[in-house]
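Examining the three-dimensional arrangement
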Amino acid sequence: MKNELTKFLYGGDYNPEQWPAEEMSEDIKVFKEAKINSATINVFSWALLEPEEGKYDFSRLDKIIDELSEANFQIVLGTSTAAMPAWMFKKYPDIARVDYYGQRHVFAKRENFYPNSSNYQRLMRSLVTELAKRYSKNSHIVLWHINNEYSGNYDGNCYCDKCAKEFRSWLKQKYHTLKHLNEAWSMNVWSHTLTDWDQIMAPNKLGDEWGAVEGKETIVPGLSIDYFRFQSESMKKLYIMERNIIKAYHPDALVTTNFHGTPLKTIDYQAWAKEEDLVSFDSYPTYNEPSYKAAFVYDLMRSLKQKPFLLMESTPSQVNWQKFSPLKRPGQMAATEFQAIAHGADSAQFFQLKQAKGGSEKFHSAVIAHSRRTDTRVFCEVKQLGDILAKVGSTIKGSTSSAKVALYFDWNNYWAFEYIDGIIPKQSYVAVMLKYYRVFYERNIAVDVIGADADFSKYDLIVAPVLYMLDLNLADKFKSYIAHGGNLVTTYLSGMVDLSDNVYLGGYPGPLKHLTGMWVEESDAVVPEHQVKVKFKNGKVCNFDLICDLIRLNGAKVLATYDSEFYQGMPAITKNTYQNGHVWYLGGQLDQAGMTNFFDKIIEELKLPILADSINGVEVTKRVTKSGYALFFVLNMTNEVKPLPQKFLTGYHDLLGKHKVVADLKPWAIKNFVKNN
Amino acid sequence: MKNELTKFLYGGDYNPEQWPAEEMSEDIKVFKEAKINSATINVFSWALLEPEEGKYDFSRLDKIIDELSEANFQIVLGTSTAAMPAWMFKKYPDIARVDYYGQRHVFAKRENFYPNSSNYQRLMRSLVTELAKRYSKNSHIVLWHINNEYSGNYDGNCYCDKCAKEFRSWLKQKYHTLKHLNEAWSMNVWSHTLTDWDQIMAPNKLGDEWGAVEGKETIVPGLSIDYFRFQSESMKKLYIMERNIIKAYHPDALVTTNFHGTPLKTIDYQAWAKEEDLVSFDSYPTYNEPSYKAAFVYDLMRSLKQKPFLLMESTPSQVNWQKFSPLKRPGQMAATEFQAIAHGADSAQFFQLKQAKGGSEKFHSAVIAHSRRTDTRVFCEVKQLGDILAKVGSTIKGSTSSAKVALYFDWNNYWAFEYIDGIIPKQSYVAVMLKYYRVFYERNIAVDVIGADADFSKYDLIVAPVLYMLDLNLADKFKSYIAHGGNLVTTYLSGMVDLSDNVYLGGYPGPLKHLTGMWVEESDAVVPEHQVKVKFKNGKVCNFDLICDLIRLNGAKVLATYDSEFYQGMPAITKNTYQNGHVWYLGGQLDQAGMTNFFDKIIEELKLPILADSINGVEVTKRVTKSGYALFFVLNMTNEVKPLPQKFLTGYHDLLGKHKVVADLKPWAIKNFVKNN
Amino acid sequence: MKNELTKFLYGGDYNPEQWPAEEMSEDIKVFKEAKINSATINVFSWALLEPEEGKYDFSRLDKIIDELSEANFQIVLGTSTAAMPAWMFKKYPDIARVDYYGQRHVFAKRENFYPNSSNYQRLMRSLVTELAKRYSKNSHIVLWHINNEYSGNYDGNCYCDKCAKEFRSWLKQKYHTLKHLNEAWSMNVWSHTLTDWDQIMAPNKLGDEWGAVEGKETIVPGLSIDYFRFQSESMKKLYIMERNIIKAYHPDALVTTNFHGTPLKTIDYQAWAKEEDLVSFDSYPTYNEPSYKAAFVYDLMRSLKQKPFLLMESTPSQVNWQKFSPLKRPGQMAATEFQAIAHGADSAQFFQLKQAKGGSEKFHSAVIAHSRRTDTRVFCEVKQLGDILAKVGSTIKGSTSSAKVALYFDWNNYWAFEYIDGIIPKQSYVAVMLKYYRVFYERNIAVDVIGADADFSKYDLIVAPVLYMLDLNLADKFKSYIAHGGNLVTTYLSGMVDLSDNVYLGGYPGPLKHLTGMWVEESDAVVPEHQVKVKFKNGKVCNFDLICDLIRLNGAKVLATYDSEFYQGMPAITKNTYQNGHVWYLGGQLDQAGMTNFFDKIIEELKLPILADSINGVEVTKRVTKSGYALFFVLNMTNEVKPLPQKFLTGYHDLLGKHKVVADLKPWAIKNFVKNN
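Treat the numbers as computed from the prediction; the structure is a model and nothing was measured.

All right, on to the interface of chain B and chain C then. The partner chain C presents 55 residues to the 52 residues of chain B that form the contact. In this assembly, chain B packs against chain C so that about 4600 Å² is buried in total across both faces, 60% of it on carbon and sulfur atoms. Of all residues in chain B, W190, S191 and L206 of chain B bury the most surface against chain C, accounting for 16% of the area lost on that side. If you look at where chain B meets chain C, you find 5 salt bridges. Between K362 of chain C and D501 of chain B there is a salt bridge; the shortest N-O distance is 2.7 Å. Joining chain B to chain C, the criterion identifies 22 residue pairs in polar contact (both at pLDDT 80 or more). Among the secondary structure elements, those contributing two or more residues to the side of chain B that touches chain C are β14 (518-525) and β16 (541-553) of chain B.

See below:
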């Protein structure tokens, strides 16, 4: 079966090259005890594989693969291209990225190559060619893991002169003439008019940094946003280079790279996913995150290709790099792994299988801990999960999810929204999205997280908050969706700019104005000292935070009006009927109670499918197996006892449980119900 | 009439070069509707005017000026020299400033030339010469606006090698010998003794930065303070170059540059103002600033030349670069514009007349907004203000202010006071000044804000807080002022150092000691955990904050003593009679109640003129017209209804109002009373 | 008498070169009035001594030494090598250190040479040779003060290429082969494997900086910790160079350098002290520090050589560089000087004898103040202390201290502990130590602060908290100590890694496991939102903060168990008997009440010697004179009246007081009791 793994993977990152060779057989015994069936290897071994340029040494890797193959492991093979060896920095100092401060980095770390380096590209291609030649026929290698967490951290972009040069070529292709570029970027402002392509530079702290705001931003948003696009595409080209080499040797090989972040701002995952066979994701929620944060990213990952993804990394208990990292409580590890599965993962993979004894991550938890014992709590839980997955993994694998609600999220807005020099402090795009995601999560309503290329027609409702940046094509797509009976919720700071960050004149929300049936005359900043009251037609009074749009009607119906400030009585929330569909407009950021009041009515009107009654801390999701069974995942995402949602008390069978369904969910309980036939 | 504008200006910054040419006639129609009579143009057009070196293109500017001239606008013509074109950075990278971190900047932004660049100077002179040649005879150009907000932000100084070289010449002129320099800067401390002029460097992060304090300070205060002086003078030279070129072509041209900040630390506005025909100022108070902050800077601006100034920039509603920028409330825009007028402005000018659609300031409010509509609240208010100014502008224009109280503020102290490595954390010089300014503002007592060159004899009272740095000439000037019956209030941290920051030995306040009749043995730091009690002779007990001077008497009378700590009973506040005058000394920073107790007595004793009774949030100021009428400006600077000060209920006529004077001031109400004859 | 001063020193830093020569005789008169008998000179005079390379001018220094010698002062002679002259930076720019950000510093400051500079070394050696030749025979010079506060501030390390080169040599000597180095630093992690020595770089912001944590840390802890060792040793070599030159000219000369910090992290004072004749220390507690903080460092300084040290710098009243520096209260100066003496100092020396009139420290207090008067409070107190020391200094001098309790503190742990990328935020090593030191300080139990080279057998109890890093030798030393009847308290995060920061496998606390009779399976992070309850066998319930070890017993007895969380009931605190000794293990950071509960029992069991009953704010210490008298120092370290500990009411004689002992201690009172015979 092409494009699909044969097994549900249980395993994770394994680095035997950090240990004496003779320990490996003992390790494998321990893994088998926990029913681990997969290992991700060779993610960081370049220096060992190629100790000097062109001299390859695969002896150790051969043995590792042999030993895992003999043990019948599903091998996920890394290409080792994320961390460059020391000799490479020494020989080709220009392979290292230059940061926003104009400084070229030196040997160290990982994910610090710059994407347009011809030296890096040549050396990377050689290594991957060697790997593909040597290993692509090994049937135990079920997946190729290219590079690692591209872009590395939240500022992985490179700002070197070579990148700037490539950027100019990229811009020429996009804008053709300097005149167009000057217009797109509004360069007559502050006499920035360019008269030669060579005058274009990468964003730089010493150049156009805009002191009035925080972060790595220039005075020219058009340039900075284009630079994000360019860097994401440059990185993607590297990925494609590696993939194509592997596919040249083994056209049926499955290829992925591990995404990360919440999600990562610098990499447009929606564009990248098209180039992958499988989406995979590294998940590290902090101890005090609400459970909907992880769920949101999982739903995004599943929606990227509208099919199951892999949970490529997660931690058995603690990580060592968050501010506070308490132990995962008894049961919590399994529940958090199952949360990913419930939202579409077809694997449970750990970083890492064996705890390092040195280096910066030595206090990161692992399946085999420093104590080297298997009578520990963590190992026992890993083993229990192994037993469960051995039982139900193959049933779950390949089962699909579906949703009638979509949350609109795209990288143009990620970049542009966090770039606004506006009347309130910078807001996090993801944080705004989570406010809306949460509404549906808490009501057990399935959500897809979609971008501009999605099929809108599948959804009964699309929620598109702060849809700040959009082109006319996307506006048309929404128009057509609504005209044909779709339902859209949008908000303040929507429909404002085109893809070059130039404002649509004539009143916000620009090209969406005809859909919303209103326009915004002014937007007030809600200062921390007070909130602004908003009164719904049903009499309920809530608050707006951050922004209050002063709305002028143009056909829309008023759902709520301001109840304080000089604009008391003006419309705050509206609803418009456009052909066969409806468009809601929120003129500000509703508080929690307001969100409930607003969305509950829509949910009712549209009869959106609710999987189970809400119980705080308990999430219910559904996947449908290939053979048509509905699998309900009921997870207690808290450390307390919770009631089981009523509906599962009768008529369902818990694949993981005893015969009798009980009314209480223990802390971190996992239930996997199917209809009892 | 030389040195004076003929009209009260109503208008602001206008950048038609950012828009299609054909929009301009429509814009002008809109401006006229609002009775706007002036436009500031060409502030940032260098790249368009000179797309490559020596090739000038004035075609667009010609048309703009023609169109505005035809419409009979008062044109304020920018020289465009603040933002250098991209090609200039490319061709002459050394035109960009080097920052305190030793890094040379690259293309971008504005106000980032370094003042001693010969390339910048040559190119700037050529452009200004072309402009002066071409436009100086145009009678619609009523004012030349040189460059823009010199120094840019709060660290506009340049620290490049060329500046360092010029600095050495500057120092040679000042100190003549290295011996004098070593003494002035106390260079034997820490073996800093210089043996060659070449060893002198600009302040630099990697050099003498003093880790124990925050900010860009070196271990050698004498050097750092001299560097401030040198940079302010270097910038001033640039201004003078531009001015002289313009005057060479049109000796009667009026010339200004727009000051900014609260005020700006890096530019000695008192020295600069002497080189200007008119002082102009850009004013951007934040939403939560007390109204006396803006008033203080306006009074400073007026005092610079002791004549009306221009409000060159202000915002119709929101700016987009403050942390929170709520809408100006109905009426607030007019009230804030009128506050500047009340304190001496002869214009109301906005940034900007037309809202940009791209770039970093696109969400800054404007007269013509993105919506392009004139039925909006903001436009209506702009129009209402236009009506008012059309009615009273010519009456107000040229009217004068007078004050019997002066607050002493100079740039030597701005630089030196914020440089003290003392026993308490760094204090803001402006923040200290505002504490004293506020006392008089809240009592409707007019204040001038003066420096060392002012005529002291005009004032019944001079308040000179933290007069830390002064030379013997200034000390003598105060002595003579007091001897002839003047009254001086001074405080802790006064009379301490000479202009090189060397302490006057023999007891603080050094050369003022004979005037104060006391000296300071020790100064305690008041830690945040507690305040120190001070008991007035009238029994009232207040607190000292920050510092408590332990005072030894030498003829002065004790007005208050400490009432806690081991120095309980020692003098805290004194008053001395010196010949025909009096000197008060405050040994610490009084709390609010203490300030009232202290100053009310002085106000009473000196019978200082109070314009009206205090009403919290209502300010009353006075200007006297050329024909001798007193204009009282009564402004409600709050969003609440306030009572009108009693005295205006009868016998006055409101130029802006109906016949009947009413007792209530609406939110943001403006009243402009004259005596009813 | 070799290796010992003949007098108890009272004096401090004196810089007559900052003043006209003729002032010196007047200064000396004033010092004599205060019974000051010593001056530290020539600490920062290089630029005056050597105004250009190789041209020396000792004329001024000759006169200073002559004048002080005539006045019979004990001269402490600085070598002036800490602050390099301007010409030296100009001529040899490479003498300046390169910081962690890769930037080479320029002229300025002090302590900013890099230790491996051959230019610096050559010039330093020449100067010191000249000084030694010229002055080593002067008998008034009682002590040589080399350089000044090596490393300067808390990041005095140099990261230049020359240092990196020396670092590689240092590493070759330590590890011999790259294979060993790669293993020690765990370089196979993230493909860091080195294939050539030249690939080793100094830590650098642009290299391996680890973004997940704050501070100057790399991803390779082994490298960073070795770099700390290397830099401390490189600096020590400089010290030894100077010392050896002086000793070559005068073998009996006493030599020191002034240590500082709380203590300083970058300099391993335990290793350095071996190279000194006398330890000396600069002490600047802040106003709001608890008094045990200074006591801790004094005890460390005394323990370094197990003999009296010098208080080389302290302030008569205020410093000018702390955030808030209130005046020392009446009596406070004497009490704080006496606190150092009580803990082992044989001097009381000030920075500084005469207040500078310029430069950055001009507002630092001094014996001769800006006022130049001697009728001031501060001068009177200096004089009173002079009288006291003239009376008792010679009695105190050379008296010894002894302690039955030792706190274990070493620089390997200082470096490694603050480097842990663990499950909780970075903790300060000193702050942890202070928690334990405080227990004994508050109970008037004498404590030595010892490192790995100390003689453990002297102590009834050793407290070794967070003994994170240790080699097997040290583990054996503890084992032998306990086996022979010693008592050890250790805690969480102990016995974890070897000297290369590699984890001891098989369960924490690694090589101490057999001593503690338990091992740690997991360590929970205690998040700020809650604390974890711990119940002692006596029923008392306390809290753990930061970390909770989940303990598995292996012979130890349980003293307390967890009383909340899922590990409720598991052991939290244990005690093990190992041969003739005992080992306590604290699985977390006890709160204040818990510490009392825990240690009071141990103190009782071990009958640790208590010098006097506890009175909050009153400390009691003991020194024994050479002639065998016990001197009890009873100090009221508060600004309030306190009771005298009972035991001193009868049978003791106060060397400093009247005949009758009174029951009250005035604020900052000093008592110096001997048994009345």
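Further notes follow.
With that settled, consider the domain arrangement of chain A. Per the domain assignment, the segments making up chain A are domain 1 (9-84 + 118-156 + 236-395), domain 2 (161-225), domain 3 (405-606) and domain 4 (618-675). Taking only C-alpha atoms into account, the centre of domain 2 of chain A sits 54 Å from that of domain 4 of chain A.

Tallying the contact residues gives 55 residues for chain A and 52 residues for chain C. In this structure, the connection of chain A to chain C is made through 5 salt bridges. Between R329 of chain A and D524 of chain C there is a salt bridge, with the nearest N and O atoms lying 2.7 Å from each other. At the junction of chain A with chain C, the criterion picks out 22 residue pairs in polar contact (both at pLDDT 80 or more). Of all the secondary structure elements, the ones that give two or more residues to the side of chain A that touches chain C are α2 (46-49), α4 (86-91) and α12 (377-396) of chain A. A per-class count over the side of chain A that touches chain C returns 23 nonpolar, 17 polar and 15 charged.

Okay, the packing of helix α3 (residues 59-70) of chain B against helix α5 (residues 118-135) of chain B next. All names here are of chain B. At a minimum axis distance of 13 Å, the contact between α3 and α5 shows a crossing angle of 40°. Looking at the two axes, α3 sits oblique to α5. Judged by the sense of rotation from one axis to the other, the crossing of α3 with α5 is right-handed. Residues L61, D62 and I65 of α3 pack against L131, R134 and Y135 of α5. Considering only residue class, the contact of α3 with α5 consists of 4 nonpolar, no polar and 2 charged.

For the peptide bond that leads from Y508 of chain A to P509 of chain A, omega is 0°, which places it in the cis range. For P509 of chain A, the location among the structural elements is in the loop between β13 (487-491) and α16 (513-516). The amide bond that connects T262 of chain B to the next residue, P263 of chain B, takes the cis arrangement and shows omega of -10°. Inspection of the secondary structure puts P263 of chain B in the loop between β6 (258-259) and α9 (269-273). Residues other than glycine seldom take positive phi values, yet V466 of chain A does so here, at roughly 35°.

Turning next to the relation of the copies chain A and chain C. Rotating chain A by 120° about the axis while translating it 0.0 Å along that axis superimposes it on chain C, leaving an RMSD of 0.1 Å. Seen this way, the second copy is the image of the first under a three-fold rotation axis.

Counting residues in hydrophobic clusters, the biggest one holds 207 residues, and the most contacted among them are W185 of chain B together with F338, F440, I573, F598 and F599 of chain C. Residue contributions to this core peak at 10 residues, all from helix α14 (residues 429-441) of chain C. Excluding its chain neighbours within four sequence positions, the residues that come into contact with F598 of chain C are V489, F536, L559, I573, W584, L586 and L590 of chain C.

All names here are of chain A. A sheet is described by the order of its strands in space; here 4 strands give the open sequence β21-β22-β26-β24, paired in antiparallel fashion. In this open sheet, the two edge strands, each paired with only one partner strand, are β21 (618-624) and β24 (652-654). Strand-to-strand twist across the sheet, computed as the mean angle between neighbouring axes with direction ignored, equals 30°. Where strand β22 (residues 630-636) meets strand β26 (residues 670-675), 5 bridges bridge the pair, whose relative direction is antiparallel. Bridge pairing in β26 places L631 opposite V674.

Attention shifts here to the sheet that holds strand β1 (residues 9-13) of chain A. Residues and elements named next belong to chain A. Taken in spatial order, the 6 strands make up an open sheet running β5-β4-β3-β2-β1-β9, and their pairing is parallel. In this open sheet, the two strands that pair with only one neighbour each are β5 (255-256) and β9 (347-350). Sheet topology places strand β3 (residues 74-78) next to strand β4 (residues 141-145); 4 bridges connect them, and they run parallel. In the strand pairing of β4, V76 is matched with L143. Where helix α5 (residues 118-135) meets the sheet, it contacts β3 and β4, and its direction lies at approximately 175° from that of β4. Contacting β1 and β9, α12 runs over the sheet at an angle of about 145° to β1.

This paragraph deals with the UniProt feature "binding site: Zn(2+)" (unreviewed entry) in chain A. Residues and elements named next belong to chain A. If you check UniProt for "binding site: Zn(2+)" (unreviewed entry), the listed places come out as C158, C160 and C163 in our numbering. On the secondary structure map, C158 appears in the loop between β4 and α6 (161-175). Setting aside residues up to four positions removed in sequence, C158 forms contacts with R97, V98, Y114, P115, C163, Y227 and Q231. On the secondary structure map, C163 appears in helix α6. Given the relative accessible area of 0%, C163 is considered buried.

What follows is about the pairing of strand β19 (residues 581-586) of chain A. Residues and elements named next belong to chain A. Burial analysis of β19 places 5 of its 6 residues in the buried class, the great majority of the element. Where β13 meets β19, 5 bridges bridge the pair, whose relative direction is parallel. Residue T491 lies in a different strand from β19, and its bridge partner there is L586. In terms of strand pairing, strand β18 (residues 571-578) meets β19 through 6 bridges, oriented antiparallel. Bridge pairing in β19 places I573 opposite L586. The turn linking β18 back onto β19 is made up of 2 residues, and Q579 within it adopts a positive phi angle of 45°.

Attention shifts here to the pairing of β26 of chain A. Residues and elements named next belong to chain A. Within β26, 5 of the 6 residues are buried, leaving the element largely enclosed by the surrounding structure. Note: β24 against β26, 3 bridges, orientation antiparallel. The residue of β26 that forms the bridge with H653 is V674.

Residue and element names in this part refer to chain A. The final tally for this structure, using the stated rule, is 115 salt bridges over all chains. Between K29 and E26 there is a salt bridge, and its shortest N-O distance comes to 3.5 Å. Here K29 pairs with E26, and both are found in helix α1 (residues 24-33), just 3 residues apart, close to one helical turn. When its relative accessible area of 56% is taken as the criterion, K29 is described as exposed. A residue is classified by how much of its surface remains accessible, and E26, at 44% relative accessible area, is partly exposed. The partner of K671 in a salt bridge is D654, and the shortest N-O contact between them spans 3.7 Å. Note that K671 is positioned in strand β26 and D654 in strand β24, a separation of 17 residues in sequence. For D654, a relative accessible area of 4% corresponds to the buried category. What emerges from the salt-bridge pattern is a single network uniting E23, D27, K354 and R372.

How each quantity is defined
- Residues numbered from 1 in each chain as written.
- Chains lettered and ligands numbered in written order.
- Predicted model: local features only at pLDDT ≥ 70, side-chain atom pairs only at ≥ 80, totals over all residues.
- Heavy atoms only, no water.
- Contact = heavy atoms within 4.5 Å.
- Buried area = accessible area lost by both parts, 1.4 Å probe.
- Salt bridge = Lys/Arg side-chain N within 4 Å of Asp/Glu carboxyl O.
- Polar contact = N/O pair within 3.5 Å; in protein donor to acceptor, adjacent residues only side chain to side chain.
- Helix = DSSP H or I, 4+ residues; strand = E, 2+ residues; numbered from the N terminus.
- Domains from an automatic or database assignment.
- Nonpolar A, V, L, I, M, F, W, Y, C, P; charged D, E, K, R; others polar.
- Axes fitted to C-alpha atoms, helices over the stretch in contact; angles between N-to-C directions.
- Parallel < 35°, antiparallel > 145°, perpendicular 65-115°, else oblique.
- Left-handed = near helix turned anticlockwise from the far one by under 90°.
- Least-squares fit on C-alpha atoms with pLDDT ≥ 70 in both.
- Core = buried A, V, L, I, M, F, W, Y, C linked by side-chain atoms within 4.5 Å.
- Buried < 20%, exposed > 50% of the residue type's maximum accessible area, 1.4 Å probe, protein only.
- Pairing = 2+ DSSP bridges.
- UniProt positions renumbered as here; feature names shortened; annotations may be inferred.

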